[in-house]
Each structure stands twice: as structure tokens, then as C-alpha cells.
Amino acid sequence: MERLNVEKIKRRQRVITISLLVIYLLALTWIILFKMALSSYELPYMRNINIVPFADSTIINNQIDFDEIILNIIIFIPFGIYLSMLKPNWSFLKKIAPIASVSLLFEIFQFVFAIGASDITDFIGNTLGGMVGIGVYFILCKIFKEKQKINKVLNVLAIISTVCVIGLLGLLILVN
């Protein structure tokens, strides 16, 4: 009977994690591809590609602008954490593949639909952010040992963060 309850709890946690991942990916798409625009008229028409890492797009006043690079890293950290929660037995490289693929798809879509600059630096930053997320989850598992409790705590933190981010985005929409 207790085994049945544990399995039920695991399934419920997994459904919560998948739901949070879907919300995260939708928000990520809106932020990266649609530039938080509410209509297609607000989207920039820009078709630019940079295949030289840390070149033109990140240099402002002859210095590297680390803000955009850091934001690209930060925004993909949750992806690595969610993927690690859902696929804890996957190897590190197997976890990086979907993260890098999603980042690459975003860059390709920006170019194809002329809605932003496709940049190798963004791809590198995004992938690095996913790797940081994988590392965070790995470290938490080493410290606390019990994955179910870690997943529960991370889901609670993710729910709180998601509500805060949606609220913040809502405020940004209202102000504009």
C-alpha cells in the first residue's frame, strides 16, 4: 500500500514538473522569439546572423557587453534543472542535446522569420545556462541525497518563481 502511495506522489511530482516545463518553454518562446510583443506589428524586422563568438553583437563601445551574455545564461538555467528532474538517469551529454537543440531552433527561427539577430554567442550562452542548471541539480542531489524531496522543493520554488515572473510580465504589459 505504501509503495502505491510513493508511486502516486512520484507521478504527481512528474506531472507538476512537466507542466512547469511547458509554461517555462512557452514563456521562453515569447521572450526570445516574440520579444514580449503582444502583436506582430511590434516585432522588429531584422535578419542578421553572427557566426563569430563574442563579436559584433556583444561589443559596445569597444568592450564586451556581458549583460546580454549573462541574461542568456540565466534564462536557460531552469531548462537544465527541469530536464534533470525529468530525466535524472540521462548522461550529461544526453541532457545537453535538447537544450542546445532548442537554443539552435530559436536562433534559426529568428533568422528565417526575420524577427531578430541569430547569434552564436546567444547559442553558447543559452547552452551554458542549461549546463549550469544540470550542474545545480547534480550538486543538490549530492548534498541532499533524496531526489523526490529535491524535486518537490524545486517544484515549489518553480511554482513561486513562475507566478512571480508571470506577475512581472503582466506588469510590464500593463505599463506599456
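In this text, all values refer to a predicted model and were calculated from it rather than measured experimentally. (Residues numbered from 1 in each chain as written. Predicted model: local features only at pLDDT ≥ 70, side-chain atom pairs only at ≥ 80, totals over all residues. Heavy atoms only, no water.)

Draft legend 1. The layout of surface pockets, seen in detail. Looking at the largest pocket, its volume works out to about 1100 Å³. Lining of the largest pocket is provided by 36 residues; of these, Y24, L28, I31, I74 and I75 occupy positions nearest its centre. Per-element accounting of the lining of the largest pocket gives the leading share, ten residues, to helix α5 (residues 147–175). Across the lining of the largest pocket, the residue classes break down as 23 nonpolar, eight polar and five charged. (1 Å grid on protein atoms, 1.4 Å probe; cavity = no way out; pocket = protein on both sides within 12 Å on 5 of 7 lines; lining within 4 Å. Points joined across faces, edges and corners; volume = space filled by probe spheres on them. Helix = DSSP H or I, 4+ residues; strand = E, 2+ residues; numbered from the N terminus. Nonpolar A, V, L, I, M, F, W, Y, C, P; charged D, E, K, R; others polar.)

Draft legend 2. Inspection of a positive patch on the surface at higher detail. Residues K8, R11, R12, K149 and K152 make up a contiguous surface patch of positive charge. Of all the elements in the fold, those that place two or more residues in the positive patch are α1 (2–32) and α5. No other element matches α1, which puts three residues into the positive patch. Inspection of the secondary structure assignment puts K8 in helix α1. The exposure class assigned to K8 is exposed, which follows from its relative accessible area of 52%. (Patch = residues over 30% accessible without salt bridge, like charges linked within 9 Å, V, L, I, M, F, W, Y side chains within 5 Å. Areas by Shrake-Rupley, 256 points an atom, 1.4 Å probe, with all protein chains shown as cover. Salt bridge = Lys/Arg side-chain N within 4 Å of Asp/Glu carboxyl O. Lys, Arg positive; Asp, Glu negative; His and termini not counted. Charge placed at Lys NZ, Arg CZ, Asp CG, Glu CD. Buried < 20%, exposed > 50% of the residue type's maximum accessible area, 1.4 Å probe, protein only.)

Draft legend 3. Focus on the packing of aromatic side chains. Applying the stated criterion across every chain, the model contains four aromatic pairs. Both rings, one in F109 and one in F113, keep their centres 6.0 Å apart while their planes meet at 45 degrees; by these two values the pair is tilted. Overall, F113 belongs to the exposed group, its relative accessible area being 54%. Feature note: the residues Y24, F76, F79 and Y82 constitute an aromatic cluster, connected by ring pairs. (Phe/Tyr/Trp six-rings, centres within 6.5 Å; stacked < 30°, edge-to-face > 60°.)

Draft legend 4. Up close: the nonpolar core. Judged by nonpolar contacts, the single largest core of 25 residues is most densely connected at Y24, F76 and Y82. Sorting the residues of this core by element identifies α1, α2 (66–86), α3 (92–112), α4 (120–144) and α5 as the ones contributing at least two each. Per-element tally for this core: the top contributor is α2, with seven residues. If we skip the residues at most four places from it in the chain, Y82 touches T17, L20, L21, Y24, A158 and T162. (Core = buried A, V, L, I, M, F, W, Y, C linked by side-chain atoms within 4.5 Å. Contact = heavy atoms within 4.5 Å.)

Draft legend 5. Expanded view of unusual backbone geometry. Despite not being glycine, A114 shows a phi value in the positive range, around 55 degrees. For K145, which is not a glycine, the phi torsion comes out positive at approximately 65 degrees. Looking at the secondary structure, you find K145 in the loop between α4 and α5.

Draft legend 6. Up close: the side chain of T17. Looking at where T17 falls in the secondary structure, it is placed in helix α1. A residue is classified by how much of its surface remains accessible, and T17, at 3% relative accessible area, is buried. There is a polar contact of 2.9 Å between the side chain of T17 and the side chain of N155. With residues up to four places along the chain from it excluded, the contact list for T17 reads Y82, M85, L86 and N155. (Polar contact = N/O pair within 3.5 Å; in protein donor to acceptor, adjacent residues only side chain to side chain.)

Draft legend 7. Region of interest: the side chain of K95. On the secondary structure map, K95 appears in helix α3. Buried charge without a salt bridge: K95, with E146 as the nearest opposite-charge side chain at an N-O distance of 18 Å. Residues contacting K95, with those up to four places away along its chain left out, are L83, S84, K87, P88, W90 and I134.

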